[in-house]
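Here is how the chains run, residue by residue.
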Amino acid sequence: MSSPEAETGAEPPAGPDQVLPAVAPQLRALRRRAALTLEAAARTAGLSPAHLSRLETGQRQPSLPMLLTLARVYGTTVSELLGETVADRDAVVRGAAMEPTAAGGWTYYQAGAPGRGMQALRVHVPHGSQGDIVRVHPGEEWLYVLKGRLRLRLGDTAHRLGPGDSAHFDSLTPHRIAAQDADGVELLFVHTLLQSPTATLCLGPVTGDTP
């Protein structure tokens, strides 16, 4: 199975409608806080130093899976990578306070407090976005379909999920997520974020049909 570097070609250069302004400086600051050189951090994340440098300077937009990878490498959370403060961790998150973030074609909303062992997201997965990416990483994932239909492949088994259906699985099981309908699919998504500098995320496009 290929490394995150295989996803490089799928990440478009950052444009006016794609820029995540807080990400680039945070990536560099958190790498330095972790006392990692550009080369060491890139090697651990399965990237080339040049690609990581482009992410840190805003020339490339990281996908959500790539943010998960770098969060694990730096021993932090996606929320902190996005520049969100972690001082106030209220138990309640109001819908009006959820700010959308675009990453790798997906749109997601933080549905839980930052800086915790689990991260809760509300996610919109467009049709045709990242459906060929295989994900393998430590932890667990739970997802619940709010709207639309989801194609989920766990190992060699394909599943079709509709509104009200859910899945809970070990993230070390190779998995792919894709929207079945043209309008995409809306999910509630909870995952454990293992804050270990040695944890890695294996990503790679696969050939053939999506699940």
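Scoring rules and cut-offs
- Residues numbered from 1 in each chain as written.
- Predicted model: local features only at pLDDT ≥ 70, side-chain atom pairs only at ≥ 80, totals over all residues.
- Heavy atoms only, no water.
- Helix = DSSP H or I, 4+ residues; strand = E, 2+ residues; numbered from the N terminus.
- Buried < 20%, exposed > 50% of the residue type's maximum accessible area, 1.4 Å probe, protein only.
- Contact = heavy atoms within 4.5 Å.
- Areas by Shrake-Rupley, 256 points an atom, 1.4 Å probe, with all protein chains shown as cover.
- Axes fitted to C-alpha atoms, helices over the stretch in contact; angles between N-to-C directions.
- Parallel < 35°, antiparallel > 145°, perpendicular 65-115°, else oblique.
- Left-handed = near helix turned anticlockwise from the far one by under 90°.
- Pairing = 2+ DSSP bridges.
- Core = buried A, V, L, I, M, F, W, Y, C linked by side-chain atoms within 4.5 Å.
- Nonpolar A, V, L, I, M, F, W, Y, C, P; charged D, E, K, R; others polar.
- 1 Å grid on protein atoms, 1.4 Å probe; cavity = no way out; pocket = protein on both sides within 12 Å on 5 of 7 lines; lining within 4 Å.
- Points joined across faces, edges and corners; volume = space filled by probe spheres on them.

This part takes up the overall build of the chain. Broken down by element type, the chain carries five helices and eleven strands. The proportion of buried residues among the 211 residues of the chain is 45%. Long-range contacts, defined here as pairs at least 24 residues apart, represent 73% of the contacts in the chain between residues at least 6 apart. A total accessible area of about 9,800 Å² is found for the chain, and carbon and sulfur atoms account for 52% of it.

With that settled, the discussion passes to the environment of Val-136. Note that Val-136 resides in strand 4 (residues 133-136). Overall, the relative accessible area of 15% leaves Val-136 in the buried class.

This paragraph deals with the packing of helix 2 (residues 38-45) against helix 4 (residues 64-74). Interaxial distance between helix 2 and helix 4 falls to 10 Å at its minimum, and their mutual angle equals 120 degrees. Classified by the angle between their axes, helix 2 and helix 4 sit oblique to one another. As for the relative orientation of helix 2 and helix 4, their crossing is right-handed in sense. Residues Ala-41, Thr-44 and Ala-45 of helix 2 form the contact with helix 4, whose own contacting residues are Thr-69, Leu-70, Val-73 and Tyr-74.

Looking now at the sheet that holds strand 1 (residues 100-103). Ordered by their spatial adjacency, six strands build an open sheet running 1-2-3-10-5-8, and the pairing between neighbours is antiparallel. Every other strand in the sheet has two partners, leaving strand 1 and strand 8 (166-170) as the edge strands with one partner each. Sheet twist, expressed as the mean angle between neighbouring strand axes with direction ignored, is 25 degrees. Bridging between strand 5 (residues 140-147) and strand 10 (residues 185-192) involves six bridges; their strand directions are antiparallel. Note on strand 10: the bridge partner recorded for Val-145 is Leu-187.

As a further point, take the pairing of strand 1. Of the two faces of strand 1, only one is covered, namely that formed by Thr-101 and Ala-103; the face formed by Pro-100 and Ala-102 stays uncovered. Across four bridges, the pairing between strand 1 and strand 2 (residues 106-110) is antiparallel. Pairing of Ala-102 across the sheet is with Thr-107, part of strand 2. Turn length for the strand 1-strand 2 hairpin, with the two strands adjacent in sequence and antiparallel, is two residues, and the turn residue Gly-104 shows positive phi of about 60 degrees.

Turning our attention to the nonpolar core. Most often, soluble globular proteins keep nonpolar side chains buried together rather than apart. Core analysis: the largest hydrophobic core is formed by 40 residues, its most contacted members being Leu-52, Leu-70, Tyr-108 and Leu-150. For this core, the element with the highest residue contribution is helix 4, accounting for eight residues. Contact partners of Leu-150, with chain neighbours within four places excluded, come to Leu-143, Val-145, His-159, Arg-160, Leu-161, Ile-177, Ala-178, Gln-180, Val-185 and Leu-187.

So, about the packing of helix 1 (residues 23-33) against helix 3 (residues 49-56). With their axes 7 Å apart at the nearest point, helix 1 and helix 3 run at an angle of 125 degrees to one another. Here helix 1 lies oblique to helix 3, going by the angle between them. Only Leu-52, Leu-55 and Glu-56 of helix 3 make contact with helix 1, whose side of the interface consists of Ala-24, Pro-25, Leu-27, Arg-28 and Arg-31. Its residues placed into classes, the contact of helix 1 with helix 3 shows five nonpolar, no polar and three charged.

What follows is about empty space enclosed by the protein. Unfilled space is identified by rolling a water-sized probe across the atoms. This structure, assessed with the given rule, holds one cavity of 30 Å³ or more. Its volume calculated, the largest cavity comes out at about 90 Å³. The wall of the largest cavity is formed by eleven residues, among which Leu-68, Trp-106, Arg-135, Glu-141 and Phe-189 lie closest to the centre. Elements with a minimum of two residues in the lining of the largest cavity: helix 4 and strand 9 (175-179). Ranked by residue count, the leading element in the lining of the largest cavity is helix 4, at three residues.

Function cannot be read off these values alone, since they describe shape.
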